[in-house]
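Per-entry structural report
One letter stands for each residue in the lines below.
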Amino acid sequence: MHTTSDDTRRWTTRALLVDDDEPIRELLCGYLARFNIEAHGVADGVAMRRALESDSFDVVVLDLMLPGEDGLSLCRHLRAESDIPILMLTARCEPADRIIGLELGADDYMAKPFEPRELVARIQTILRRVRGGNLAGDDSSRGEPRAQVRFDQWRLDSVLRQLHAPDGLVVPLSNAEFRLLWVFLERPRRVLNRELLLDAARGRAIEAFDRSIDLLVSRLRQKLGDDPRSPRLIKTVRGEGYLFDVRDIA
């Protein structure tokens, strides 16, 4: 359903909600409207693709368990086609489901059942990270981010969010991978703990037992060709976190 208003100027965010439970869709669309989020609800992947072809959205809220093509498959499709932020919903609490979703490029996840207000907060936080210039959340950073950052023969385009390898090839990055790399580039040669990295890279409050940042670091190492057994760029500092050991940043 579309939430509508005579005063369309009040909408600040447009969300596509993909969930096969119609009462939940209607409830969430109505609730999100209270926070200036215009939500459009669809039941499956076919309707999701149709909506994305005919309209534009700022974020996709994607349920894991869907009829036909499931949420993981749709997440893979979305990430191959665009860098639109993806927030996954799951009624299953298996860590493997969350890990697979992150590997496929989801920006965040929420376990069902949840409070609608938390969904609003997650959406707002994701979009602040995507739209904001200071991706690391460092109060000491000043001004707009540089459009091009070079390090160790690599080049990161912060506008197009593209990583260029030393041989010139473009290495695709998910939103989370891009933000994690940007955090490292803003704080080179400093030990950064997991809580800071995960909060900056994925924009959510970390749980004490959550080791998702290790997965994100592993994915980024792979993209950078950094040997996990003897990493040269992203080094593990046992018991403390990670250090981005690069000295040539321009």
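The structure reproduced in this document is the subject of the present report. Bear in mind the structure is a predicted one, so any value in this text is a computation, not a measurement.

1. Regarding the packing of aromatic side chains
Evaluation of the coordinates by the stated rule reveals four aromatic pairs. Between Tyr31 and Phe35, the ring centres sit 5.3 Å apart and the planes meet at 40°, which makes this aromatic pair tilted. With centroids separated by 6.0 Å and ring planes inclined at 25°, the aromatic side chains of Phe178 and Trp182 adopt a geometry described as stacked. Placement of both Phe178 and Trp182 in helix α6 (residues 175-186) is noted, with a separation of four residues, approximately one turn of the helix. Each member of the pair Phe178 and Trp182 is classed as buried. Pairwise contacts between aromatic rings join Phe151, Phe184 and Phe244 into one cluster.

2. Things to note about the layout of surface pockets
Put simply, the largest pocket is a space of about 330 Å³. Residue lining of the largest pocket: 21 residues in total, with Arg79, Ser82, Pro172, Leu173 and Ser174 positioned closest to the centre. Those elements that provide at least two residues to the lining of the largest pocket are α3 (71-81), β9 (170-171), α6 and α8 (212-224). Here the residues of the lining of the largest pocket sort into eight nonpolar, five polar and eight charged.

3. Some details on the sheet that holds strand β8 (residues 162-164)
Read across the sheet, four strands follow the order β6-β7-β8-β9 without closing on themselves; strand pairing throughout is antiparallel. What marks the edges here is a single partner per strand, and that holds for β6 (148-151) and β9. In the sheet, β6 pairs with strand β7 (residues 154-157) via four bridges, with the strands oriented antiparallel. Bridge pairing in β7 links Gln148 to Asp157. The sheet strands contacting α6 are β6, β7 and β8, and the helix crosses β7 at an angle near 115°.

4. A word on the pattern of salt bridges
Tallying each qualifying case throughout the model produces 15 salt bridges. Residue Asp107 is joined to Arg79 by a salt bridge in which the shortest nitrogen-to-oxygen separation is 3.3 Å. Within this pair, whereas Asp107 is found in the loop between α4 (95-103) and β5 (108-111), its partner Arg79 is found in helix α3, the two being separated by 28 residues in sequence. Each member of the pair, Asp107 together with Arg79, is buried.

5. Let's talk about unusual backbone geometry
Residues Lys112 and Pro113 are joined by a peptide bond in cis, for which omega reads -5°. Relative to the helices and strands, Pro113 is located in the loop between β5 and α5 (116-131). Backbone geometry places Asn36, a non-glycine residue, at a positive phi of 60°. Mapped onto the elements of the fold, Asn36 is located in the loop between α1 (22-33) and β2 (37-42). In this structure, Asp152 is a non-glycine residue whose phi angle is positive, near 50°. Position of Asp152 among the secondary structure elements: in the loop between β6 and β7.

6. Quick notes on α8
The terminal C-alpha atoms of α8 lie 19 Å apart, and with 13 residues this matches the ideal 18 Å at 1.5 Å per residue to within 8%. Counted residue by residue, α8 has ten buried out of 13 residues, so it is predominantly covered. Within the span of α8, buried status applies to Ser212, Ile213, Asp214, Leu215, Leu216, Val217, Arg219, Leu220, Arg221 and Leu224. Among the residues trailing α8, Gly225 stands out with phi positive, at a value near 65°.

Conventions used here
Residues numbered from 1 in each chain as written. Predicted model: local features only at pLDDT ≥ 70, side-chain atom pairs only at ≥ 80, totals over all residues. Heavy atoms only, no water. Phe/Tyr/Trp six-rings, centres within 6.5 Å; stacked < 30°, edge-to-face > 60°. Helix = DSSP H or I, 4+ residues; strand = E, 2+ residues; numbered from the N terminus. Buried < 20%, exposed > 50% of the residue type's maximum accessible area, 1.4 Å probe, protein only. 1 Å grid on protein atoms, 1.4 Å probe; cavity = no way out; pocket = protein on both sides within 12 Å on 5 of 7 lines; lining within 4 Å. Points joined across faces, edges and corners; volume = space filled by probe spheres on them. Nonpolar A, V, L, I, M, F, W, Y, C, P; charged D, E, K, R; others polar. Pairing = 2+ DSSP bridges. Contact = heavy atoms within 4.5 Å. Axes fitted to C-alpha atoms, helices over the stretch in contact; angles between N-to-C directions. Salt bridge = Lys/Arg side-chain N within 4 Å of Asp/Glu carboxyl O. Expected span 1.5 Å × (residues − 1).

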